[in-house]
Amino acid sequence: GQNIDQPTEMTATEGAIVQINCTYQTSGFNGLFWYQQHAGEAPTFLSYNVLDGLEEKGRFSSFLSRSKGYSYLLLKELQMKDSASYLCAVRGIYGQNFVFGPGTRLSVLP
Amino acid sequence: DTAVSQTPKYLVTQMGNDKSIKCEQNLGHDTMYWYKQDSKKFLKIMFSYNNKELIINETVPNRFSPKSPDKAHLNLHINSLELGDSAVYFCASSQAVSGQETQYFGPGTRLLVL
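Notes on the structure follow.

Cut-offs and rules
- Residues numbered from 1 in each chain as written.
- Chains lettered and ligands numbered in written order.
- Predicted model: local features only at pLDDT ≥ 70, side-chain atom pairs only at ≥ 80, totals over all residues.
- Heavy atoms only, no water.
- Helix = DSSP H or I, 4+ residues; strand = E, 2+ residues; numbered from the N terminus.
- Buried < 20%, exposed > 50% of the residue type's maximum accessible area, 1.4 Å probe, protein only.
- Contact = heavy atoms within 4.5 Å.
- Pairing = 2+ DSSP bridges.
- Axes fitted to C-alpha atoms, helices over the stretch in contact; angles between N-to-C directions.
- Disulfide = S-S within 2.5 Å.
- Phe/Tyr/Trp six-rings, centres within 6.5 Å; stacked < 30°, edge-to-face > 60°.
- Patch = residues over 30% accessible without salt bridge, like charges linked within 9 Å, V, L, I, M, F, W, Y side chains within 5 Å.
- Areas by Shrake-Rupley, 256 points an atom, 1.4 Å probe, with all protein chains shown as cover.
- Salt bridge = Lys/Arg side-chain N within 4 Å of Asp/Glu carboxyl O.
- Core = buried A, V, L, I, M, F, W, Y, C linked by side-chain atoms within 4.5 Å.
- Buried area = accessible area lost by both parts, 1.4 Å probe.
- Nonpolar A, V, L, I, M, F, W, Y, C, P; charged D, E, K, R; others polar.

### Examining the environment of A:Pro102
So, point 1. In this structure, A:Pro102 sits in the loop between strand 10 (98–100) and strand 11 (104–109).
So, point 2. We classify A:Pro102 as partly exposed; its relative accessible area is 25%.
So, point 3. In this structure the C-alpha to C-alpha distance between A:Pro102 and A:Phe29, which are 73 residues apart in sequence, comes to 18 Å.
So, point 4. If we skip the residues at most four places from it in the chain, A:Pro102 touches A:Ile4, A:Asp5, A:Gln6, A:Leu87, B:Lys41 and B:Phe42.

### Some points on the sheet that holds strand 7 (residues 64–70) of chain B
Sheet strands associate in pairs through backbone hydrogen bonding, adopting either a parallel or an antiparallel arrangement.
Residue and element names in this part refer to chain B.
So, point 1. Strands sit in the order 1-3-8-7 across an open sheet of four strands; the sheet is antiparallel. Each edge of the open sheet is held by one strand with a lone partner, namely strand 1 (4–7) and strand 7. On average, each strand axis in the sheet is inclined to that of its neighbour by 20 degrees, with strand direction left out of account.
So, point 2. Alignment of strand 1 against strand 3 (residues 19–25), held across four bridges, turns out to be antiparallel. By the bridge assignment, Val-4 is partnered in strand 3 with Gln-25.

### Observations concerning the state of the cysteines
So, point 1. Under the counting rule described, the total for this entry stands at two disulfides over all chains.
So, point 2. Sulfur-sulfur distance for the disulfide between A:Cys22 and A:Cys88 comes to 2.0 Å. Every disulfide takes its handedness from the sign of the S-S torsion; for A:Cys22 and A:Cys88 that torsion is -65 degrees, giving left-handed. Taken together, the positions of A:Cys22 in strand 3 (residues 18–25) and A:Cys88 in strand 9 (residues 84–91) put the pair 66 residues apart, joining distant regions of the chain.
So, point 3. A residue is classified by how much of its surface remains accessible, and A:Cys22, at 0% relative accessible area, is buried.
So, point 4. Its relative accessible area of 0% is what places A:Cys88 among the buried residues.
So, point 5. The disulfide partner of B:Cys23 is B:Cys91, and the S-S distance across this bridge is 1.8 Å. Every disulfide takes its handedness from the sign of the S-S torsion; for B:Cys23 and B:Cys91 that torsion is -75 degrees, giving left-handed. Placement of B:Cys23 in strand 3 and of B:Cys91 in strand 9 (residues 87–94) is noted, with a sequence separation of 68 residues between them.

### Examining the sheet that holds strand 6 (residues 53–57) of chain A
All names here are of chain A.
So, point 1. Here five strands make up an open sheet; going across it, the order is 1-3-8-7-6 and the pairing antiparallel. The two strands at the open ends of the sheet, each matched to only one other strand, are strand 1 (3–5) and strand 6. Within the sheet, the average angular offset between the axes of one strand and its neighbour, ignoring direction, is 15 degrees.
So, point 2. As defined by bridge partners, strand 6 adjoins strand 7 (residues 60–65) across five bridges and the pair is classed as antiparallel. In the strand pairing of strand 7, Glu-55 is matched with Ser-62.

### A few points about the packing of aromatic side chains
All names here are of chain A.
So, point 1. Under the criterion given, the structure shown has 18 aromatic pairs over all chains.
So, point 2. Here Phe-33 and Phe-45 contribute two aromatic rings whose centre-to-centre distance is 6.2 Å and whose plane-to-plane angle is 65 degrees, an arrangement assigned as edge-to-face. Of the two residues, Phe-33 sits in strand 4 (residues 32–37) while Phe-45 sits in strand 5 (residues 44–49), which places them twelve residues apart along the sequence.
So, point 3. Take Phe-33: its relative accessible area is 0%, and that puts it in the buried class.

### Notes on a nonpolar patch on the surface
Residues and elements named next belong to chain B.
So, point 1. Together, Val-12, Leu-112 and Leu-114 make up an exposed nonpolar region whose accessible area comes to about 280 Å².
So, point 2. Mapped onto the fold, Val-12 is located in strand 2 (residues 10–13).
So, point 3. Residue classification places Val-12 among the exposed positions, given a relative accessible area of 56%.

### Focus on the nonpolar core
General note: in soluble globular proteins, nonpolar side chains tend to be found buried as a group.
So, point 1. One finds A:Ile4, A:Leu32, A:Trp34, A:Leu75, A:Leu78, A:Tyr86 and A:Leu106 to be the most contacted residues of the largest nonpolar core, which totals 21 residues.
So, point 2. With 20 residues, the next largest nonpolar core counts B:Val4, B:Met46, B:Phe64 and B:Leu74 among its residues.

### Points about the interface of chain B and chain A
So, point 1. Contacts between chain B and chain A engage 25 residues on the former and 20 residues on the latter.
So, point 2. Surface buried jointly by chain B and chain A totals about 1,700 Å² across both partners, of which 56% is contributed by carbon and sulfur atoms.
So, point 3. Between chain B and chain A we count zero salt bridges in total.
So, point 4. When contributions to the side of chain B that touches chain A are tallied by element, the ones reaching two or more residues are strand 4 (31–37), strand 5 (43–50) and strand 6 (53–57) of chain B.
So, point 5. The class makeup of the residues in the side of chain B that touches chain A is eleven nonpolar, ten polar and four charged.

Below, the structure is given as structure tokens:
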């Protein structure tokens, strides 16, 4: 079976740092993706990890530990526009199969 | 230019009706997907097509039938609509099935069944 877990909601202050965790149990693994989804809009790609370690892209970083089935998305210097849902997704070994987590709704307060 | 487009953006219809949602991508991608996002915002894959061939067919009622006339289009036809079909349906496409080639999502079709 496949199971992906994320916290439902998080709140942080503008300018702060927030870490959104994702744990997964899947029958196959071929990469982990993070997406951002603003209310009423489509998900957009943020980051990709397939090997263990940290990937950094500007204010966003993503970490993966395959042995622990664990990833996190780190957002630095939070801005109001970062208020959105953040979706963790695991791609299966056959490539076309993406399983999404329930998403974490982040609220950034002034 | 819109990379992945869907029509219609909104669809309000009565229970029992049949409706179609269209999706087109101009990215030259080989793989296209349909996802359903329910009221709890859970995004779940329904179908995946690669070069017009059905690759993934998750546990979806057979009232839902995808059709891919060519690799740039993947339409979704829904028969005998039910209240529980109300959701946002996203089309997506990707080029490769490995590496960091991600999916690109369309704007979504908001379906409300009354």
